[in-house]
Amino acid sequence: PSPEVARYRNKVQFPVGRDKNGAPCIGFYAGRTHRIVPCPDCKLQPGVLNDIGNALCSFFAAHGIQPYDEESGKGLVRHIFLRRGTHSGQIMVCLVCTRPKFPHSEELVAALREQFSDIASVLINVNAKKTNVILGEETVSLYGPGYIEDTLCGVPVRLGPLSFYQVNTLAAERLYGIAAEYAQLEPSDVLLDLYCGMGTIGLSMADRCRELIGVEIVPEAIESAKANAARMGDAIAAKSRFFCADAGQAATQLAAEGLHPDVVMLDPPRKGCDEATLSAVVTMSPRRVVYVSCNPETMARDLALLTAKGYRAEGFTPVDLFPQTAHCEVVGALTRSQKSKG
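Conventions we followed
Residues numbered from 1 in each chain as written. Predicted model: local features only at pLDDT ≥ 70, side-chain atom pairs only at ≥ 80, totals over all residues. Heavy atoms only, no water. Helix = DSSP H or I, 4+ residues; strand = E, 2+ residues; numbered from the N terminus. Polar contact = N/O pair within 3.5 Å; in protein donor to acceptor, adjacent residues only side chain to side chain. Contact = heavy atoms within 4.5 Å. Core = buried A, V, L, I, M, F, W, Y, C linked by side-chain atoms within 4.5 Å. Buried < 20%, exposed > 50% of the residue type's maximum accessible area, 1.4 Å probe, protein only. Disulfide = S-S within 2.5 Å. Pairing = 2+ DSSP bridges. Axes fitted to C-alpha atoms, helices over the stretch in contact; angles between N-to-C directions. Left-handed = near helix turned anticlockwise from the far one by under 90°. Nonpolar A, V, L, I, M, F, W, Y, C, P; charged D, E, K, R; others polar. Phe/Tyr/Trp six-rings, centres within 6.5 Å; stacked < 30°, edge-to-face > 60°. Salt bridge = Lys/Arg side-chain N within 4 Å of Asp/Glu carboxyl O.

Enquirer: Please explain the side chain of Asn50 as it appears in this structure.
Expert: In this structure, Asn50 sits in helix 1 (residues 47-63). In this structure the side chain of Asn50 is engaged in a polar contact, spanning 2.9 Å, whose partner is the backbone oxygen of Cys42. The residues contacting Asn50, other than those within four sequence positions of it, are Arg7, Phe14, Ile26, Pro40, Asp41, Cys42 and Gln45.

Enquirer: What is the right way to read the nonpolar core from this model?
Expert: Inside soluble globular proteins, nonpolar side chains tend to come together where they are buried. Leu191, Met205, Phe242, Met265, Val290 and Val331 are the most contacted members of the largest nonpolar core, which has 48 residues in total. Per-element tally for this core: the top contributor is helix 3 (residues 169-183), with 9 residues. Not counting the four nearest positions on each side in its chain, Leu191 is found in contact with Leu185, Gly202, Met205, Cys209, Glu211, Leu212, Ile213, Val263 and Met265. Of all hydrophobic cores here, the second largest spans 29 residues; its members include Cys57, Val77, Leu82 and Phe102.

Enquirer: Would you mind going over unusual backbone geometry with me for this structure?
Expert: For residues besides glycine, phi is generally negative; the peptide bonds are generally trans as well. The backbone of Cys153 shows a phi angle near 55 degrees, a positive value even though the residue is not glycine. The topology assignment puts Cys153 in the loop between strand 8 (148-152) and strand 9 (155-159). We classify Cys153 as partly exposed; its relative accessible area is 29%. With a phi close to 75 degrees, Gln324 is a non-glycine residue in the positive phi region. Its location among the elements puts Gln324 in the loop between strand 15 (311-319) and strand 16 (329-336). Take Gln324: its relative accessible area is 62%, and that puts it in the exposed class.

Enquirer: I keep staring at the state of the cysteines and nothing clicks. Help me out?
Expert: Structurally, a disulfide amounts to a covalent bond that connects the sulfur atoms of two cysteines. Counted under the stated rule, the structure contains 0 disulfides. Between Cys209, a free cysteine, and Cys196, which holds the nearest cysteine sulfur, the sulfur-to-sulfur gap is 13 Å.

Enquirer: Explain the sheet that holds strand 3 (residues 36-38) to me, please; I cannot follow it from the model alone.
Expert: Backbone hydrogen bonds hold the strands of a sheet together, and the pairing may be parallel or antiparallel. On the basis of which strands lie adjacent, the open sheet formed by 7 strands has the order 3-2-1-4-5-6-7 and mixed pairing. Taken across any chain shown, the strands that pair with only one partner, and hence form the sheet edges, are strand 3 and strand 7 (138-143). Between one strand and the next, the sheet's axes are offset by a mean angle of 35 degrees, whatever the strand orientation. Relative to strand 7, strand 6 (residues 119-126) runs antiparallel, the two sharing 5 bridges. Across the sheet, the residue bridging to Leu123 is Ser141, located in strand 7. Sheet strands touched by helix 1: strand 1 (11-18), strand 2 (24-29), strand 4 (77-84), strand 5 (91-97) and strand 6. Its angle to strand 4, the strand with the most contacts, is close to 150 degrees.

Enquirer: What is the right way to look at the sheet that holds strand 13 (residues 263-266) in this model?
Expert: Sheet architecture is open: 7 strands sit in the order 12-11-10-13-14-16-15, paired in mixed fashion. Strands at the two margins of the open sheet, each flanked by one partner only, are strand 12 (240-244) and strand 15. In this sheet, neighbouring strand axes are inclined to one another by 15 degrees on average, regardless of whether the strands run parallel or antiparallel. Taken together, the 5 bridges between strand 10 (residues 190-194) and strand 11 (residues 211-216) define a ladder with parallel strand orientation. Opposite Leu192, over in strand 11, you have Ile213 as the bridge partner. Where helix 5 (residues 219-231) meets the sheet, its contacts fall on strand 11 and strand 12, and the angle it forms with strand 12 comes to roughly 170 degrees.

Enquirer: Would you mind going over the packing of helix 8 (residues 275-284) against helix 9 (residues 296-308) with me for this structure?
Expert: Any two packed helices are characterised by the angle at which their axes cross and by the distance between the axes. In contact at an axis separation of 10 Å, helix 8 and helix 9 are set at 35 degrees when each is read in the N-to-C sense. The element helix 8 and its partner helix 9 pack so that their crossing is right-handed. Contact residues: helix 8 offers Glu275, Leu278 and Val282, while helix 9 offers Asp302, Leu305 and Leu306. A per-class count over the contact of helix 8 with helix 9 returns 4 nonpolar, no polar and 2 charged.

Enquirer: Just checking my understanding: could you explain the packing of aromatic side chains for this structure?
Expert: Taken as a whole, this structure holds 2 aromatic pairs when the rule is applied. Relative to Phe28, the ring of Phe14 lies with its centre 5.6 Å away and its plane at 50 degrees, an arrangement referred to as tilted. Of this pair, Phe14 sits in strand 1 while Phe28 sits in strand 2, and the two are 14 residues apart along the sequence.

Enquirer: Explain the side chain of Thr335 here, please?
Expert: Inspection of the secondary structure assignment puts Thr335 in strand 16. Taking relative accessible area as the criterion, Thr335 reaches 7% and is therefore assigned buried. Residues in contact with Thr335, not counting those within four places in the same chain, are Arg287, Arg288, Gly310, Tyr311, Arg312 and Glu314.

Enquirer: So what exactly am I meant to see when it comes to the pattern of salt bridges here?
Expert: Oppositely charged side chains are able to pair whenever their charged atoms sit close together. Counted according to the given criterion, the structure contains 8 salt bridges. Glu211 is the partner of Arg241 in a salt bridge, and the nearest nitrogen-oxygen pair spans 2.9 Å. Here Arg241 is found in strand 12, whereas its partner Glu211 is found in strand 11, with 30 residues between them in sequence. You can call Glu211 buried: its relative accessible area is 18%. A salt bridge links Asp302 to Arg301, with the nearest nitrogen and oxygen atoms 3.0 Å apart.

Put into structure tokens, the structure is as follows:
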């Protein structure tokens, strides 16, 4: 189970619209529509983040700042994006707007800082496109360094608006702990972490192995992984290597180079692993494979291929990262059968 079942999310994305009286409001889209249902206090999110969302709406109303209207394309504020470090308490406020210039920006920062002392960064993210994608590519800082800091399983992380990060920190730490138990790392082991993201899952186990190799296709995530390793000190940084590449291509290349990791960590997106990745894992012949899945259906498909190639499923643990929803993460452990060593 998740250590917390309410107010556990460290990230909030509120669409901004108007209530029935025409005043700016935050909420969520009604099913299969883009009609915003006002929600001043979402029970999945820390109260302080709901309070910030409401305070921003009051500021918009007081200063005539217009919510974005999808049909006309007019208006300024599309979304309120908030992050909060579970351990640090630091808060990032990011307003997704149609242009970088924000009226009364100094007054806004002062008002937010006065009311919410844990705010570390205030940002404007620019998205002028007619799209369902929330964030644009340009971000402007109104206050602070442009990120917040936190820790996950002892790994120091810096989080900007574009960083991928588990939304339930305490449950993610529980999940990573189970993955570490399943990995059964030894001091002489090489750990290959495919789909490594910001490197947190591999780095949380780096002190238990000889070498960590991480692979991720998102360039910004790889830069974050390298920076996270550096912040953990020279010893961890020296044994950690991170590559920006497609997991399947990288795994195939590493297998062709004769890499034989002792343990492989797989943490793919919902679509699961592609066949190239799984074939390369089999070729590298690790002693153990640990599979972290956010979609049990594609996990079952992938493990069927691995078991057909000589791996044996040893155990599974579901972890509730998303209380109050139907979604569940699963960690599985596989061992190579003795006859498949060659």
